[in-house]
Amino acid sequence: MDVNELISQMTLEEKAQILSGADFWHTAAVERLGLKSFMMCDGPNGLRKQVGEADHLGLNGSISTVCYPTASSVASSFDVDLARELGETLGDECLREDVSMLLGPGLNMKRSPVCGRNFEYYSEDPYLAGKMAAAYVEGVQSKGVLACPKHFAANNQEYRRMSGNSIVDERTLHEIYLTAFEIMVKEAHPKSIMCAYNQLNGTYLSENKYMLTEVLRDKWGFDGFVVTDWGAGKDPAKGVEAGLDLVMPGPCEDHTKAIVEAVNSGKLDEAKVDRAVFNILNAFNRTIENRPEGVLASSDETRKRDYAFAKKLSLDSAVLLKNNKALPIKSDMKVLFVGEFAEKPRYQGSGSSHINSAFVSNALDAAADKNVTFAKGYDTKNPEENFILREKAIEAAEDADIIVIFAGLPASYESEGFDRKDINLPKEQDKLISELALLNKKTVVVMHNGSPVAMPWIDRVDAVLDMQLSGDAAGEAAVDLLWGFSNPSGKLSETYPEKLSDNPSFLNFPGDGGNPEYREGVFIGYRYYEKKRMQPLFPFGHGLSYTEFEYSDITIDKESITDKERVTVSVDIWNVGRYKGKEVVQLYVSPNGSRISRPYKELKGFQKIELLPEEKETLTFTLDARAFAYYETKIHDFYVESGDYTILIGSSSNDIRLTIPVHVEGTTLLPCSFDMFSAISDILDTAKGREVLGPIVDNIFSEMKSNSENADSMGEGGTEMMERMILEMPIGSLSTFGGFDTAQVKKLLRKINH
Ligand code: BGC
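Residues numbered from 1 in each chain as written. Predicted model: local features only at pLDDT ≥ 70, side-chain atom pairs only at ≥ 80, totals over all residues. Heavy atoms only, no water.

## Section: the overall build of the chain
Move 1: The helix and strand inventory of the chain stands at 24 helices and 26 strands.
Move 2: Across its three principal directions, the C-alpha atoms of the chain cover 90 × 75 × 50 Å.
Move 3: Put simply, the chain has 754 residues, and 61% of those count as buried.
Move 4: Within the chain, contacts between residues at least 6 apart in sequence are counted, and of these 77% link residues at least 24 apart.
Move 5: Carbon and sulfur atoms form 48% of the exposed surface of the chain, whose accessible area is close to 30000 Å².
Move 6: Positive and negative side-chain charges of the chain, numbering 82 and 114 respectively, have mean locations separated by a distance of 1 Å. (Helix = DSSP H or I, 4+ residues; strand = E, 2+ residues; numbered from the N terminus. Buried < 20%, exposed > 50% of the residue type's maximum accessible area, 1.4 Å probe, protein only. Contact = heavy atoms within 4.5 Å. Areas by Shrake-Rupley, 256 points an atom, 1.4 Å probe, with all protein chains shown as cover. Lys, Arg positive; Asp, Glu negative; His and termini not counted. Charge placed at Lys NZ, Arg CZ, Asp CG, Glu CD.)

Right, here's the structure in full:
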């Protein structure tokens, strides 16, 4: 299809119609010109295709299919290949079901652990989230299906989700809330993106020109179309003007009318309507052109294959949080399973991502060939029963060698549309675990949760296996991991704090009237806990294995680089334990010093490898300027400060095994616009400032030194006091303390600012 030719044949009304949906899930068709409509469906952790008539709330039943682990789990695999394979698998299913666009992945940052949709998002770390999302998008689009990453951007809570105003400063926005989107757009070239419901700094995202045009298209080179979140469209003309293309859902006669009127009245340039129509049709056209031939229909066979992949994903995502030699369970042990979730695992979240699963495995059935008995222990729907159920579980434990409690958040706790009130498990589960842990038996907790939970009993249990929300194969995967048929290898993609009030957003979440001020700035997740030197319950990147890995021989190819060069770091990883296992090797960068307040360290690389016992592998990581940069508002861009940095390699954010230094020389000059009130130290931080002012300040210092006896007349430390005073005083004060007159200082300033 020649899209421009097609557009040239359309009337203004037809073009305006294309800019909003035909119904809940379809784009508009123009039959007269042979243009068909395209279907889009929710993901991200399965295909939620509504069958039959689409209703206007999107509530009708959806096809029976496979539910995969949610994004929070997938991120814990730290495996981009698996994220890509998930995209490919879903892309295949879209082809089989004649779906042209998948609404996912979700890659918003986890600012608070209680955001209701955290299970749908990858991480608190933008690098990890960006890499996982990019791989997923590549996977989906490799099948000739459009991916629609969401929700762009600063959409980090559910409270007042359709109207709230996220107030975020420029540096925080780019460094934390946009970086994942930036990585994903630049690496994977999504053909569409969904703008969020909320406002950002007072402007709705669907009308935000800075975000939809200046950042997304002009800075990052996005070349697909922007679609609203469902119902996020506001003023139609303003939307198009800002860079919005498609408003969903439809039908939206008012929208069509408003566009036509805006063009006819001269308020909106028709060329902008053409641009939006082009963006939509071109994206579908280009992606669909690359579809593979001979797509099969969904069948038992495809479902079996997809289920097997769901299991693989869930095995690689589960995180072994603690293990006091209780796991793996030995084959001759008498095991008691306790908890409703052993029979009915909690494996996905609620809302638009909810999948109609064809089959869900449970741990009890999966362990049918083992010496396992069962006690329900608690009932999420019937709390009055819990005292009796608890007593029965304690009684049943008498005969067991090991107790495995399947606990977690009930489905009603984690959903789109509202945030959690706290991070606690239901009280009866905490009580059950605490009481069972008092018995003189090995106690293991298997968790089911899409976001962090407090574990007041952590010191009393022997092991915790965090299955997270791990899709249809949750039960079988848990059993394989518990008995050691598979070795846990997931790492936390989000810090587990001890209590909610430890979280940096606590004082400003969800914000008065749903208008949160992101006052913690760039310090979210581990960036905050590390800066505050706080020990969380479990740190970012943490996860144990049944085997052990040794890290050695870190090397770097250059000790010093400029920000135009790359540096390569190599490290040897050795499986020194008894089991085959996978390790996630994490690379962080830490500035040794900085003019501005920066996180202690930030994730800039990770690789997952599998090693047999005794096997060793050398991994290499290549870092470019961005790994050392922060967002500098003076140039509205990322900027590398000249200085020394440390590269840290570890098995978790708080288990750093090796470090190596590197010097990086920044080559970008920050613009100088100093005035009489600018601090001398700020001026000296710039190259021109150092050139002009450096010798003058050196002179003053050496004069002070030769006069140090007099300085000491001000008490001990007098010289240092004088030095600090000079450095921190406004340059204008040189006319008072430096022997210059005002005209001379102004002359210096002109030289520096030039
Ligand atoms: C959600 C989106 C979803 C859309 C369509 C919205 O309410 O925020 O994530 O894709 O509905 O179901």
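## Side note on helix α24 (residues 742–753)
Move 1: The end-to-end C-alpha separation of α24 is 16 Å, in line with the 16 Å expected for 12 residues at 1.5 Å each.
Move 2: Considered for burial, the residues of α24 that qualify are V745, L748, L749 and I752. Taken down its axis, α24 places every buried residue within 100° of arc, on the same side. Pointing more than 90 degrees away from the buried face of α24 are the exposed residues A743, K747 and R750. (Expected span 1.5 Å × (residues − 1). Arc of directions from axis to C-beta.)

## Topic: the site of the ligand
Move 1: If you check the shell around the ligand, you find 13 residues, and the closest are D42, R117, H151, Y197 and D229.
Move 2: R117 places a polar side-chain atom, nitrogen or oxygen, 2.8 Å from an oxygen atom of the ligand.
Move 3: K150 has a polar side-chain atom sitting 3.0 Å from an oxygen atom of the ligand.
Move 4: Taken by itself the ligand offers 310 Å² of open surface, and the protein chains cover 93% of this.
Move 5: Its residues placed into classes, the shell around the ligand shows 5 nonpolar, 2 polar and 6 charged. (Near = heavy atom within 4 Å. Polar contact = N/O pair within 3.5 Å; in protein donor to acceptor, adjacent residues only side chain to side chain. Nonpolar A, V, L, I, M, F, W, Y, C, P; charged D, E, K, R; others polar.)

## With respect to the pattern of salt bridges
A side chain of one charge can pair with a side chain of the opposite charge if their charged atoms are brought near each other.
Move 1: The full count for this structure, using the stated rule, is 49 salt bridges.
Move 2: Here K186 makes a salt bridge to E182, at a shortest N to O gap of 2.7 Å. In this pair, K186 and E182 both sit in helix α7 (residues 179–188), 4 residues apart, roughly one turn of the helix.
Move 3: Assessed through its relative accessible area of 41%, K186 is described here as partly exposed. (Salt bridge = Lys/Arg side-chain N within 4 Å of Asp/Glu carboxyl O.)

## Looking at the pairing of strand β26 (residues 655–665)
Move 1: Bridging between strand β18 (residues 560–562) and β26 involves 3 bridges; their strand directions are parallel. Paired with T562 across the bridge in β26 is E665.
Move 2: By the bridge criterion, 9 bridges tie strand β25 (residues 643–652) to β26 in an arrangement that is antiparallel. Looking across to β26, one finds that D644 is bridged to H663. (Pairing = 2+ DSSP bridges.)

## Describing the sheet that holds β25
Move 1: Strand order in the open sheet formed by 5 strands is β18-β26-β25-β20-β21, and the pairing between neighbours is mixed. In this open sheet, the two edge strands, each paired with only one partner strand, are β18 and β21 (602–611). For this sheet, the mean angle separating the axes of adjacent strands, direction not counted, is 30°. (Axes fitted to C-alpha atoms, helices over the stretch in contact; angles between N-to-C directions.)

## Observations concerning the side chain of E158
Move 1: By the secondary structure assignment, E158 is in the loop between β4 (146–147) and β5 (165–166).
Move 2: On the basis of relative accessibility, which here comes to 2%, the residue E158 falls in the buried class.
Move 3: A distance of 2.7 Å separates a polar atom in the side chain of E158 from the backbone nitrogen of G417.
Move 4: Setting aside residues up to four positions removed in sequence, E158 forms contacts with G116, R117, S415, E416, G417, F418 and D419.

## Notes on a positive patch on the surface
Move 1: On the surface, K746, K747, R750 and K751 cluster together into a positively charged patch.
Move 2: Relative to the helices and strands, R750 resides in helix α24. (Patch = residues over 30% accessible without salt bridge, like charges linked within 9 Å, V, L, I, M, F, W, Y side chains within 5 Å.)

## Re unusual backbone geometry
Move 1: Going from F152 to A153, the amide bond is cis rather than trans, its omega being 0°.
Move 2: Residue M248 is joined to P249 through a cis peptide bond whose omega torsion reads -5°.
Move 3: If you trace the backbone, P249 turns up in the loop between α9 (236–242) and α10 (253–264).
Move 4: In this structure, K325 takes a positive phi of about 60° despite not being glycine.
Move 5: Tracing the chain through its elements places K325 in the loop between β10 (319–323) and β11 (335–338).
Move 6: Backbone geometry places Q468, a non-glycine residue, at a positive phi of 55°.

## Let's talk about helix α20 (residues 687–706)
Move 1: End to end, α20 covers 28 Å across 20 residues, agreeing with the expected 28 Å (1.5 Å per residue, within 8%).
Move 2: Of all the bends in α20, the greatest reaches close to 50° and is centred on L693; the proline P695 follows between one and four positions later.
Move 3: Every buried residue of α20 is listed here: G689, V692, L693, G694, I696, V697, I700, F701 and M704. (Bend = angle between axes of the 7 residues up to and from the residue.)

## Quick notes on the packing of helix α5 (residues 126–141) against α7
Move 1: The geometry of α5 relative to α7 is characterised by a closest axis approach of 8 Å and an angle of 35° between their N-to-C directions. In this structure, α5 meets α7 at a crossing whose hand is right-handed. In this structure, α5 contributes P126, Y127, A129, G130, K131, A133, A134, V137, E138 and Q141 to the contact, and α7 contributes T179, A180, I183, M184, E187 and A188.
Move 2: For the contact of α5 with α7, the residue count by class is 10 nonpolar, 3 polar and 3 charged. (Left-handed = near helix turned anticlockwise from the far one by under 90°.)

## Considerations on the packing of aromatic side chains
Move 1: Taken as a whole, this structure holds 22 aromatic pairs when the rule is applied.
Move 2: For the ring pair F152 and W220, a centre distance of 5.9 Å and an interplane angle of 70° mean the geometry is edge-to-face. Of the two residues, F152 sits in the loop between β4 and β5 while W220 sits in the loop between α8 (209–219) and β9 (225–228), which places them 68 residues apart along the sequence. Side by side, F152 and W220 carry an identical accessibility label, which is buried.
Move 3: Centroid distance Y528 to Y529: 5.6 Å. Interplanar angle 75°. Geometry classified as edge-to-face.
Move 4: Exposure remark for Y529: the relative accessible area of 4% places this residue in the buried category.
Move 5: One aromatic cluster is present, formed by F78, Y127, Y526, F540, Y588 and F606 through successive ring pairs. (Phe/Tyr/Trp six-rings, centres within 6.5 Å; stacked < 30°, edge-to-face > 60°.)

## Thoughts on the domain arrangement of the chain
Move 1: Taken domain by domain, the chain holds domain 1 (3–288), domain 2 (314–515 + 524–532), domain 3 (549–665) and domain 4 (680–753).
Move 2: One C-alpha centre belongs to domain 1, the other to domain 4, and the line joining them spans 55 Å. (Domains from an automatic or database assignment.)

## Concerning the sheet that holds strand β16 (residues 463–466)
Move 1: Spatial ordering of the open sheet is given by β10-β16-β15-β14-β11-β13, a layout of 6 strands whose pairing is mixed. For this open sheet the edge positions go to β10 and β13 (372–375), each flanked by a neighbour on one side alone. Put simply, the sheet's adjacent strands are angled 20° from each other on average, direction ignored.
Move 2: Examined bridge by bridge, β11 and β13 share 4 bridges and lie parallel to one another. Opposite V338, over in β13, you have A375 as the bridge partner.
Move 3: Relative to strand β14 (residues 402–408), helix α16 (residues 427–438) is tilted by about 165°, and along the sheet it contacts β11, β14 and β15 (442–448).

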